[in-house]
Amino acid sequence: MKTEKNIEFGSGGGRPLHLDLYKPENPEQTRTAVILLHGGGWRIGDKSMVEIYAPELTSHGFTVLASEYRLIDESPWPAALEDVKSAVRWARSHAKDLEIDPGKIVLEGFSAGGHLALMAGGTPNRKEYIGSGDGEVSDEIAAVAAFFPPVEFSDKDDADGAGHPSILLGDSYTQEDVQKASPLTLASQDFPPTFFLHGIDDKTVPYKASRKMFDALIACGAAAELHLYPHHLHEFCRLPSMLGQTQAETALFFKRTAADREKYIRENQELNPFSARRL
């Protein structure tokens, strides 16, 4: 794995934004870039938190970009989403140097980062979230992996699995703001293939959040997978016993839906040519 730290990919709030690059020995193996987005409730954390996943993903042939984004105390929502989209456009603009296919850029986010990954997946090329960099370059992504993500916000007491809007939006918000910040409202047939992973005993973000978004995507006809782990809490994928397993599952999903999608469709059709379903 080749590592290059603190590459400037854009700007926000009057300062440069950076990412860390991790390249496998053979980028041609997948020609796919995975952009990692850390958690921390949109208020704390940095890109070093996801460095732990880079060796696992590069071992599967993926080029990995651990990206920073502005936290709420620095710049209010939707600055963080703008920065994620800036990172996607930077990766697409530098596809030749990165040795990746510009059509094979995927996002993997954890907790608040999972929310951002889902938001980016559901709002391709939306002008209100343009951020920095070349606005003519697409910020569309090929697939999403969301680990224990918040998917909706509500100030109603009976909103099962939803977070309070003030966590992300502060005390002054409208119901329109709440809806626009909730990935659940973005579910559609055109949503990119999405992988959810959640611990059933998660007390920080209830697992019902991932299940709701998964159900909504399936109902729309989008491609989605939901992996639930009993007896596991928030951030359990960082455990030494879980790190390799959960990233291997994610890598396989990205291979099936983005990096080598045609291969898996062909194999599925060969296995059962009369009832093969879209992967």
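Notes on the structure follow. On a predicted model such as this, the values are computed, not experimentally measured, just so you know. (Residues numbered from 1 in each chain as written. Predicted model: local features only at pLDDT ≥ 70, side-chain atom pairs only at ≥ 80, totals over all residues. Heavy atoms only, no water.)

## Observations concerning the overall build of the chain
Assigned secondary structure in the chain consists of nine helices and eight strands. Compactness check: the chain gives a C-alpha radius of gyration of 18 Å against a globular reference of 19 Å for 279 residues, within 12% of the reference. Expressed along its principal axes, the backbone C-alpha trace of the chain runs to roughly 55 × 45 × 40 Å. Going through the 279 residues of the chain one by one, you find that 53% of them count as buried. Counted over contacts in the chain with a minimum sequence separation of 6, partners at least 24 positions apart contribute 73%. In the chain, which carries 29 positive and 41 negative side-chain charges, the distance between the mean positions of the two groups comes to 4 Å. (Helix = DSSP H or I, 4+ residues; strand = E, 2+ residues; numbered from the N terminus. Rg over C-alpha atoms; globule rule 2.2 N^0.38 Å. Buried < 20%, exposed > 50% of the residue type's maximum accessible area, 1.4 Å probe, protein only. Contact = heavy atoms within 4.5 Å. Lys, Arg positive; Asp, Glu negative; His and termini not counted. Charge placed at Lys NZ, Arg CZ, Asp CG, Glu CD.)

## Structural notes on unusual backbone geometry
Of note, the amide linkage connecting Trp77 to Pro78 takes the cis form, showing an omega dihedral of 10°. If you trace the backbone, Pro78 turns up in the loop between strand 4 (63–67) and helix 2 (79–93). Although it is not a glycine, Arg31 sits at a positive phi angle of roughly 50°. Position of Arg31 among the secondary structure elements: in the loop between strand 2 (15–23) and strand 3 (33–37). Unlike most non-glycine residues, Glu99 shows phi in positive territory, near 60°. Within the secondary structure, Glu99 is located in the loop between helix 3 (95–98) and strand 5 (105–110).

## Observations regarding the sheet that holds strand 1 (residues 2–12)
The eight strands lie next to each other as 1-2-4-3-5-6-7-8, forming an open sheet whose pairing is mixed. The strands lining the two open edges of the sheet, one partner per strand, are strand 1 and strand 8 (224–229). Averaged over neighbouring strand pairs, the angle between their axes works out to 20° when direction is ignored. Both strand 3 and strand 5 contribute to a ladder of five bridges, which runs parallel. Note on strand 5: the bridge partner recorded for Ile35 is Leu107. The strands that helix 2 touches are strand 1, strand 2, strand 3, strand 4 and strand 5; relative to strand 1, the one it contacts most, it runs at about 120°. Packing against the sheet, helix 7 (residues 208–220) makes contact with strand 7 (194–199) and strand 8, and its axis sits at approximately 155° to strand 8. (Pairing = 2+ DSSP bridges. Axes fitted to C-alpha atoms, helices over the stretch in contact; angles between N-to-C directions.)

## So, the packing of aromatic side chains
The geometry of an aromatic ring pair is captured by two quantities: the separation of the ring centres and the angle between the planes. Per the counting criterion, the structure on display carries ten aromatic pairs. Relative to Phe153, the ring of Trp42 lies with its centre 5.8 Å away and its plane at 55°, an arrangement referred to as tilted. Placement of the pair is Trp42 in the loop between strand 3 and helix 1 (54–58) and Phe153 in the loop between strand 6 (143–147) and helix 5 (166–169), with a sequence separation of 111 residues. Each member of the pair, Trp42 as well as Phe153, carries the same accessibility label: buried. Members of the aromatic cluster, each reached through a chain of ring pairs, are Tyr53, Phe62, Phe110, Phe147, Phe148, Phe195, Tyr229, Phe236, Phe253 and Phe254. In this arrangement the basic side chain of Lys263 is found over the ring face of Tyr264, its NZ or CZ atom lying 5.2 Å from the centre. (Phe/Tyr/Trp six-rings, centres within 6.5 Å; stacked < 30°, edge-to-face > 60°. Lys NZ or Arg CZ within 6 Å of the ring centre and 35° of its normal.)

## Some details on the packing of helix 2 against helix 4 (residues 112–122)
Between helix 2 and helix 4, the shortest axis-to-axis distance is 10 Å and the interhelical angle comes to 65°. Between helix 2 and helix 4, the angle falls in the class roughly perpendicular. Here helix 2 and helix 4 pass one another in a crossing that is right-handed. Along the contact surface, helix 2 presents Ala80, Leu81, Val84 and Lys85, while helix 4 presents Leu116, Met119 and Ala120. Tallied by class, residues from the contact of helix 2 with helix 4 come to six nonpolar, no polar and one charged. (Parallel < 35°, antiparallel > 145°, perpendicular 65-115°, else oblique. Left-handed = near helix turned anticlockwise from the far one by under 90°. Nonpolar A, V, L, I, M, F, W, Y, C, P; charged D, E, K, R; others polar.)

## Details of the side chain of Asp202
Summarising the element assignment, Asp202 is placed in the loop between strand 7 and helix 7. The side chain of Asp202 is buried and forms no salt bridge, while Lys203, the nearest opposite charge, is found at 7.7 Å. Reaching out from Asp202, the side chain makes a polar contact with the backbone nitrogen of Thr204 at a distance of 2.8 Å. With residues near it in sequence (within four places) discarded, Asp202 still touches Phe148, His232, Leu233 and His234. (Salt bridge = Lys/Arg side-chain N within 4 Å of Asp/Glu carboxyl O. Polar contact = N/O pair within 3.5 Å; in protein donor to acceptor, adjacent residues only side chain to side chain.)

## A few points about the pairing of strand 2
The side chains of a regular strand alternate between both faces of the sheet. Note: strand 1 against strand 2, eight bridges, orientation antiparallel. Bridged to Glu8 within strand 2 is His18. Here strand 1 folds back onto strand 2, and the loop between the two strands holds two residues, one of which, Gly13, carries a positive phi near 60°. Direction of pairing for strand 2 relative to strand 4: antiparallel, over a ladder of four bridges. Bridging across to strand 4, Tyr22 finds its partner in Val64.

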